[in-house]
Number of protein chains: 2
Amino acid sequence: MRIEILCTGDEILTGKTVNTNYGHIARRLVEVDLGVHWGTTVGDDRPALLTAFRQAAARAEVVIVNGGLGPTVDDLSQEVAAEAAGVPLVLHEPWLARMEAFYAKRNRPMPPNNRKQAMLPDGAEFIDNPIGTACGFAVTIDGARFYFTPGVPREMRRMLDEQIIPRLLAKEGRARVTRLKRFHSFGIGESRADDMLAGIEAMAPANAVKLGFQAHYPQLETKLAARAADTAGLEAILAPMEAEVRRRLGNFIVAEDDQTLEGVVLEALGSGTLAVAETLTGGGIAARLVQGPGAETRFRRGVVARDLAQLGAACGVAVAVITPEAAAQVAAGLRESSGASHALAVLVALEEGNDAGGRICLGVADATGTVSREARLIGNRDWVRLGAAELGLDVLRRRLLGLPVEERVDFERR
Amino acid sequence: MRIEILCTGDEILTGKTVNTNYGHIARRLVEVDLGVHWGTTVGDDRPALLTAFRQAAARAEVVIVNGGLGPTVDDLSQEVAAEAAGVPLVLHEPWLARMEAFYAKRNRPMPPNNRKQAMLPDGAEFIDNPIGTACGFAVTIDGARFYFTPGVPREMRRMLDEQIIPRLLAKEGRARVTRLKRFHSFGIGESRADDMLAGIEAMAPANAVKLGFQAHYPQLETKLAARAADTAGLEAILAPMEAEVRRRLGNFIVAEDDQTLEGVVLEALGSGTLAVAETLTGGGIAARLVQGPGAETRFRRGVVARDLAQLGAACGVAVAVITPEAAAQVAAGLRESSGASHALAVLVALEEGNDAGGRICLGVADATGTVSREARLIGNRDWVRLGAAELGLDVLRRRLLGLPVEERVDFERR
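Within any chain, residue numbers begin from 1 and follow the written order of that chain's sequence. As they are written, the chains are lettered A onward and the ligands numbered 1 onward, keeping that order. The predicted nature of this model means local features are confined to residues of pLDDT at least 70 and side-chain atom pairs, given and counted, to a pLDDT of 80 or more, with totals for whole chains, interfaces and linings taken over all residues. For side-chain calculations, the full set of non-hydrogen atoms in the structure is used, while hydrogens and water are omitted.

So, on to the relation of the copies chain A and chain B. Each copy is superposed on the other by least squares, with the fit set by C-alpha atoms of residues at a pLDDT of at least 70 in both. With an RMSD of 0.1 Å, chain A superimposes on chain B once it is rotated by 180° and translated 0.0 Å along the axis. Taken together, the rotation and translation describe the operation of a two-fold axis.

Put into structure tokens, the structure is as follows:
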């Protein structure tokens, strides 16, 4: 089935707003093995929209249109869809009632403009939007099925997952229940992860699970996109595969699904508290920890200085050279002065030369003593900074979970 | 002149790589008043590319193609361009020599695959790439002029600005020298800035300067896109307008062009040093300061805690409630304990209720004493956090530059 994505709106066309919706729709289609064949962007322009609809209909069987369902005069999707389908616009009474109820609940009168959002091409298939005033709909234009979705990202995402992808899978006579299982790892590159997971798709029935990767340095996201006839079947397929991914990627998995590494660290702390000392990462580690739930009580103190002596002074210790021992000393000093149960120190020495890399010394102090580790990352300053923050949080995670703190990561050079 | 942008590549089509090139090209075209009419995305697929070229040629006079100029077999732009233009591919000897020299300079042999990058459609106009191995070129297909650019963002950006936009402006018989002057402000929204700068375009000859805005909360970017026959003419047009923008936006301008607010703060410090205490912004302010040039010596210490008593303890003062006075006390304590010449404290009290907003108390301490200020921002937690970090840096900038620290910003609610 050839599927196209058609994004509308002047803000998107002119680059004023970054079009994140396109990438999201495309990735979701690829994840459920539907794929995407073509992308088009046009402005809020009647002739351009009409041409775009007709040309897409000639190339594809399915077109997902995003945007242009708002209440203002430059929102043209319904009108142009009706024109292209050769039908009039008609009022969709149930949606008008829903919008009126939506406003009534908020004790506001519905602006008259919103009525426009309930005008759909005659004979269109209604597609629910449980969280906004722009309903979706589907019509057939020149033999291709067009699905119209709102431009607001969270409304579009929900409609895509709950309403449109199931319809497309049903259209193909395929399993209708899908799930995307995600693992976040640190320390292995995409090609090594691919090797480590070789043959894993064969654990499931043919085409039931698709393995994919997305690298967001320093993390790698490993995705299992599964589908089955029902939820029980989905569970039965995914459970052993998830266990196998965990076994093969092992300690490198730092989080799963919506978890974050920093969230896992805060949770592993339990009733403990944490203090962090940083140099080049300059608050980057603290910034990640301090936002998580429970951070108010668990994240006790963060200290930042670019100068090592300054950092030591702020932690009550005298250190002069960046070494694993100095990192352990700073962590121990900070633990003492802050009264936290755990302290992490991440010291970075940038190497001479243009974007050469950096040497990273990590120390963790807790009630049982200190551990330290050293790593060298090659790359520019930003690369080293991001890698050092990740290494720091990962060393802490490993210490808290009783895993070996030293395990070579792919980005390291010795 | 109708201009289209055509982006190629499987990674872009499937959303695996976010397509930042599209937005950049579109914005630059709009800035020089050329505009953009249509965007297309296709994969590394010969029939799709050929169709895309033909359909774009039928709709537009100019098509900017991005990507597909690499050395591998899935890079198809030259081949499909030649096919669409009905000409053979021929070796561009000077580019082959340039690539060989490029590799020789790095003491590496040129991989044989790279030869492919010097094969251009017969009769194509060569477009230089001074920083990479993918040269650009232009050909005419079905009456439309196609400009081919590399997918590597910095190579594409330079080629667009230095080679392609001047050609397009010349094609329209328009002034060929362009400049984009940018002002970064904090505290005024787009519509207010638009009002404040009303009529400013009339200071220049008709159509010589285009005023534009781009909001990246919490900052607003104000852009003057100017063009003239030569550099002297450009200066003559822009100088009085720049002065007028500075006069009208006044103290709200925090930086210009490639400057950043944090860079301006570090520079204004001169030989002074800085320490920062943060709560909800949790290292976000330190993270911005610590990366700037000169931060090694000027940024002395950052302290982060979510708990106010903890933050006070780390700065050597006892504080219990978030007030402007407490912020001044923390700043003074931190200045004292760190030995820095200047200290900033940014305390944030999130308000009760779902995403209600936050009250922000700011204090700056220097050799002359302390100043403080309070602000209330409405919005969710991230919005408050970003706004608080900006307010903190801006208060410090104002103090360092001798400007009033208290001037109402548009995001504030009282």
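Back to the write-up after that little detour.
Attention now moves to the domain arrangement of chain A. Interfaces are often sized by the amount of accessible area the parts lose when they come together. Residues and elements named next belong to chain A. Residue ranges for the domains originate in an automatic or database domain assignment. When its domains are assigned, chain A resolves into domain 1 (3-171), domain 2 (177-256) and domain 3 (261-401). The C-alpha centroid of domain 2 is placed 32 Å from the C-alpha centroid of domain 1. Across the domain 1/domain 2 interface, buried area totals approximately 660 Å², and carbon plus sulfur atoms make up 53% of it. Salt bridges, as used here, are contacts in which a Lys or Arg side-chain nitrogen is within 4 Å of a carboxyl oxygen on Asp or Glu. Counting every contact that joins domain 1 to domain 2 gives two salt bridges. Ionic pairing is found between aspartate 33 and lysine 210, a salt bridge with its closest N-O pair at 3.7 Å. Between N or O atoms, a polar contact is any pair within 3.5 Å; within protein, one atom must be a potential hydrogen donor and the other a potential acceptor, and residues adjacent in sequence are included only when both atoms are from side chains. On the surface where domain 1 and domain 2 come into contact, there are two residue pairs in polar contact (both at pLDDT 80 or more). When residues in the side of domain 1 that touches domain 2 are grouped by element, the largest group, four residues, is from helix H2 (residues 20-31). For this scheme, ten residues count as nonpolar: Ala, Val, Leu, Ile, Met, Phe, Trp, Tyr, Cys and Pro. Four count as charged, namely Asp, Glu, Lys and Arg, and the remainder, Gly too, count as polar. Looking at the side of domain 1 that touches domain 2 residue by residue, the classes come out as three nonpolar, no polar and four charged. Accessible surface is computed with a 1.4 Å probe, and the buried area is the amount of it that two parts give up when combined, taken over both parts together. By the criteria applied, helices consist of DSSP H or I runs no shorter than four residues and strands consist of E runs no shorter than two, each listed in order from the N terminus.

UniProt positions are given in the numbering used here, feature names are shortened, and annotations may be inferred rather than shown by experiment. In the numbering adopted here, UniProt assigns the feature "domain: MoaB/Mog" (unreviewed entry) to residues 4-171 of chain A. Secondary structure across residues 4-171 of chain A comprises 42% helix and 21% strand; the distance between its end C-alpha atoms is 15 Å.

A few words on the sheet that holds strand S11 (residues 219-228) of chain B. All names here are of chain B. Taken together, the four strands give an open sheet; going across it, the order is S10-S11-S9-S12, and neighbouring strands pair in antiparallel fashion. Two strands bound the open sheet, and with one partner strand each, they are strand S10 (209-216) and strand S12 (253-256). In this sheet, adjacent strand axes meet at a mean angle of 25° when their direction is disregarded. Pairing between two strands is assigned when DSSP locates at least 2 bridges connecting them. To get an axis, a line is fitted to the C-alpha atoms, and for a helix only the part in contact is used. The angle between two axes follows their N-to-C directions and goes from 0 to 180 degrees.

We now examine the packing of aromatic side chains. Any aromatic ring pair is given by two values, namely how distant the centres are and how the planes are angled relative to each other. Pairing of aromatic side chains requires ring centres within 6.5 Å, counting the rings of Phe and Tyr and the six-membered ring of Trp. Pairs whose planes differ by under 30 degrees are stacked, by over 60 edge-to-face, and all others tilted. Scanning the model with the defined rule gives 14 aromatic pairs over all chains in all. Measuring from ring centre to ring centre gives 6.3 Å for phenylalanine 146 of chain A and phenylalanine 148 of chain A, while their planes differ by 25°; the resulting arrangement is stacked. According to the relative accessible area criterion, phenylalanine 146 of chain A is buried, its value standing at 0%. The class of phenylalanine 148 of chain A is buried, set by a relative accessible area of 0%. Clustering of aromatic rings is evident, with ring pairs tying together Phe53, Phe137, Phe146 and Phe148 of chain A. Positioned over the ring face of tryptophan 38 of chain B is arginine 59 of chain B, at 4.0 Å from the centre of the ring. We call a charge positioned over a ring when the NZ of a Lys or the CZ of an Arg lies within 6 Å of the ring centre and within 35 degrees of the ring normal. The ring of phenylalanine 252 of chain B carries arginine 398 of chain B above its face, with NZ or CZ at 5.6 Å from the centroid. Only protein chains enter the calculation, and the probe is 1.4 Å; a residue is then buried if its accessible area is under 20% of its type maximum, exposed if over 50%, and partly exposed in between.

For this analysis, residues touch if any pair of their heavy atoms sits within 4.5 Å. Taken residue by residue, the interface counts 52 residues in chain A and 52 residues in chain B. Note on chain A versus chain B: buried area summed over both sides is about 4000 Å², and carbon and sulfur give 50% of it. Taken together, chain A and chain B are joined by six salt bridges. Joining chain A to chain B, the criterion identifies 24 residue pairs in polar contact (both at pLDDT 80 or more).

The subject of this paragraph is the sheet that holds strand S8 (residues 144-149) of chain A. What the 12 strands build is an open sheet, ordered S6(A)-S7(A)-S8(A)-S3(A)-S1(A)-S2(A)-S2(B)-S1(B)-S3(B)-S8(B)-S7(B)-S6(B); its pairing is mixed. The sheet terminates laterally at strand S6 (125-127) of chain A together with strand S6 (125-127) of chain B, the two strands that pair on one side only. Neighbouring strand axes in the sheet, compared pairwise and without regard to direction, differ in orientation by 20° on average. Taken together, the five bridges between strand S1 (residues 3-8) of chain B and strand S3 (residues 62-66) of chain B define a ladder with parallel strand orientation. The residue bridging glutamate 4 of chain B from the neighbouring strand is valine 63 of chain B, located in S3 of chain B. Contacts from helix H6 (residues 153-171) of chain A reach strand S1 (3-8), strand S3 (62-66), S6, strand S7 (136-141) and S8 of chain A, with the element oriented near 165° to S8 of chain A.

Take empty space enclosed by the protein next. Any residue with an atom within 4 Å of a point lines the site, the site being either a cavity, points on a 1 Å grid over the protein atoms alone where a 1.4 Å probe fits but cannot get out, or a pocket, an open set with protein on both sides within 12 Å along at least 5 of 7 lines. Grid points are joined across faces, edges and corners, and a volume is the space filled by probe spheres set on the points. Going through the model one piece at a time under the given rule, you end up with two cavities of 30 Å³ or more. By volume, the largest cavity amounts to about 40 Å³. What lines the largest cavity is Phe186, Arg373, Leu391, Asp394, Val395, Arg398, Val405, Glu407 and Val409 of chain B. If one sorts the elements of the lining of the largest cavity by residue count, helix H14 (residues 381-401) of chain B sits on top with four residues. Looking at side-chain class alone, the lining of the largest cavity contains five nonpolar, no polar and four charged residues. Space inside the second largest cavity adds up to approximately 30 Å³. Lining the second largest cavity are Val290 and Gln291 of chain A together with Leu280, Arg306, Arg381, Asp382 and Arg385 of chain B. Top contributing element to the lining of the second largest cavity by residue count: H14 of chain B, with three residues. Partitioned by chemical class, the residues of the lining of the second largest cavity number two nonpolar, one polar and four charged.

Let us look at unusual backbone geometry. In this model, tyrosine 217 of chain A is joined to proline 218 of chain A through a cis peptide bond whose omega is 0°. As for its position among the elements, proline 218 of chain A is in the loop between strand S10 (209-216) and strand S11 (219-228). Of note, the phi angle at asparagine 207 of chain B is positive, near 65°, even though the residue is not glycine.

A word on H6 of chain A. Along H6 of chain A, the sharpest change in direction is near 45° and occurs at leucine 160 of chain A. Downstream of H6 of chain A by one or two residues, glycine 173 of chain A has phi in the positive range, about 65°. At any given residue, the bend is defined as the angle formed between two axes, one fitted to the seven residues that end at that position and one fitted to the seven that begin there.

Under the counting rule described, the total for this entry stands at 65 salt bridges over all chains. As a salt-bridge pair, arginine 399 of chain A and aspartate 366 of chain A come within 3.1 Å of each other at their nearest N and O atoms. With a gap of 33 residues between them, arginine 399 of chain A in helix H14 (residues 381-401) and aspartate 366 of chain A in strand S16 (residues 357-366) connect regions that are remote in the sequence. For arginine 288 of chain B, the salt bridge goes to glutamate 262 of chain B, with nearest N and O atoms at 2.9 Å. You can see arginine 288 of chain B sitting in helix H10 (residues 284-290) and its partner glutamate 262 of chain B sitting in helix H9 (residues 261-269), a full 26 residues away along the chain. The exposure class assigned to arginine 288 of chain B is partly exposed, which follows from its relative accessible area of 23%. You can call glutamate 262 of chain B buried: its relative accessible area is 14%. Taken together, the salt bridges that share partners define one network made up of Lys181, Glu242, Arg246, Glu256 and Asp257 of chain A.

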